[in-house]
Amino acid sequence: MAIQWFPGHMHLTRQAILARVKDGIDVVIELLDARAPGSSANPLIASLTQGRAALKVLNKQDLADAARTEAWLAHYNSQPDTRAIGLDASMSAPAQRLITACRELKPNRNGLDKPMRVLICGIPNVGKSTLINTLTGKRAAKTGDEPGITKTEQRIALAHDFYLYDTPGMLWPKILVEQSGFHLAATGAVGRNAIEEEVVAEVLIGRLRRDYPGALETRYKLQAGDTAAMNDAEMLAAIGRKRGAVLSGGRINLQKAAEIVLHEFRAGLLGRITLELPEEHLALTAAAEEAEAALQAARLEKKRSRRGRSSRDAQPDDERENDGDNEGESGGDGGDA
Ligand SMILES: Nc1nc2c(ncn2[C@@H]2O[C@H](COP(=O)(O)OP(=O)(O)OP(=O)(O)O)[C@@H](O)[C@H]2O)c(=O)[nH]1
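Rules of the game
- Residues numbered from 1 in each chain as written.
- Predicted model: local features only at pLDDT ≥ 70, side-chain atom pairs only at ≥ 80, totals over all residues.
- Heavy atoms only, no water.
- Domains from an automatic or database assignment.
- Buried area = accessible area lost by both parts, 1.4 Å probe.
- Salt bridge = Lys/Arg side-chain N within 4 Å of Asp/Glu carboxyl O.
- Polar contact = N/O pair within 3.5 Å; in protein donor to acceptor, adjacent residues only side chain to side chain.
- Helix = DSSP H or I, 4+ residues; strand = E, 2+ residues; numbered from the N terminus.
- Buried < 20%, exposed > 50% of the residue type's maximum accessible area, 1.4 Å probe, protein only.

Participant: Help me out: how do you make sense of the domain arrangement of the chain in this one?
Facilitator: Quoted interface sizes are often the accessible area lost when the parts come together. Under the domain assignment, the chain is made up of domain 1 (10-166) and domain 2 (196-266). In this structure, domain 1 and domain 2 have C-alpha centres spaced 34 Å apart. Together domain 1 and domain 2 conceal approximately 330 Å² of surface at their shared face, both sides included; 37% is due to carbon and sulfur atoms. Together, R35, D65 and R68 form the three largest contributors to the area buried by domain 1 at its contact with domain 2, with a combined 89%. Across the contact surface, domain 1 and domain 2 share 1 salt bridge. Here D211 and R68 are joined by a salt bridge, their closest N and O atoms 3.2 Å apart. Joining domain 1 to domain 2, the criterion identifies 2 residue pairs in polar contact (both at pLDDT 80 or more).

Take a look at the structure:
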């Protein structure tokens, strides 16, 4: 099932991006979370930025699986007018690569009087403020663990001929691929209450067991012989028990266990992990888009047939001369004779 939300400031960000692009932008930098590059990519970005050259920056690469980062970089680098680099936003020298990459994307800007104008966007908590601070060498933007700290657009001159426009973190109204919702929650892009942490932790555990076997056993000192027969919920409980997340009466505090797993995953303590690969993500996205299109078509059809039915039902009422009611949008009920 698709996950939906659309807080007001997301709407404002959308408007801000559209206005900025209209004013003139050479390159759009989209900051992605290297641990979930596909899920953290905004599906609306191409239409919002109207085909501007794109630099995909896989941030937090220090926390991600290096081989999987390579696969994602190759995926993005194969797309037209697009370049991709991996980054750890807190490291200053690699951050400079971003400026170089933008200039390479738009070499014809060199020597022009007008500065290069670059828009930077990304989902909440992806590391935009950290990156901007590193690029400017000062605390220009607030950073924090909770998504949604950057609230206003700002222009930053990184060189006399290079302007960077910041935008607040933006999620999109509907996340079609359920798995993406979980990945965004696991990485911390979605606030604490959007999806229940216990469920997110269980899904994360399932993914880790599939893709990084042994990682949880090593971290939480669990015996592979014992965990083999456990399902993901039992594994979460076993982790809680190991970490002393026990309520009075001996019941496991699953909420606490979930917090531990999620915190340690986000901090990189479970190892360098990437939750998705391009092929799987693209296949899931294509299937979800197809299902969504079918759903919309079915809704439209239902609406049409309901309208057809209500106009047929309205006919006998039309014969009631005293009614005197014109047909309305919400379909005034005819009432029984
Ligand atoms: N390990 C690691 N942590 C990072 C990196 N970049 C950012 N972080 C951390 O991620 C958290 C969020 O970073 P911010 O820079 O506040 O994110 P933001 O995108 O500005 O967030 P919003 O204000 O929600 O838009 C902070 O705790 C940062 O220290 C990185 O490359 N590697």
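Participant: Help me understand the pattern of salt bridges, please; the structure alone is not making it clear to me.
Facilitator: Enumeration over the complete set of coordinates arrives at 14 salt bridges. R103 is the salt-bridge partner of D161, the closest N and O atoms lying 3.3 Å from each other. With D161 in the loop between β6 (154-159) and β7 (162-166) and R103 in helix α4 (residues 92-105), the pair connects residues that are 58 residues apart, well separated along the chain. A salt bridge links R210 to E280; its shortest N-O distance comes to 3.4 Å. Of this pair, R210 sits in helix α7 (residues 197-211) while E280 sits in helix α12 (residues 278-318); the two residues are 70 residues apart in sequence, bridging distant segments of the chain. R210 sits in the partly exposed class, given a relative accessible area of 48%.

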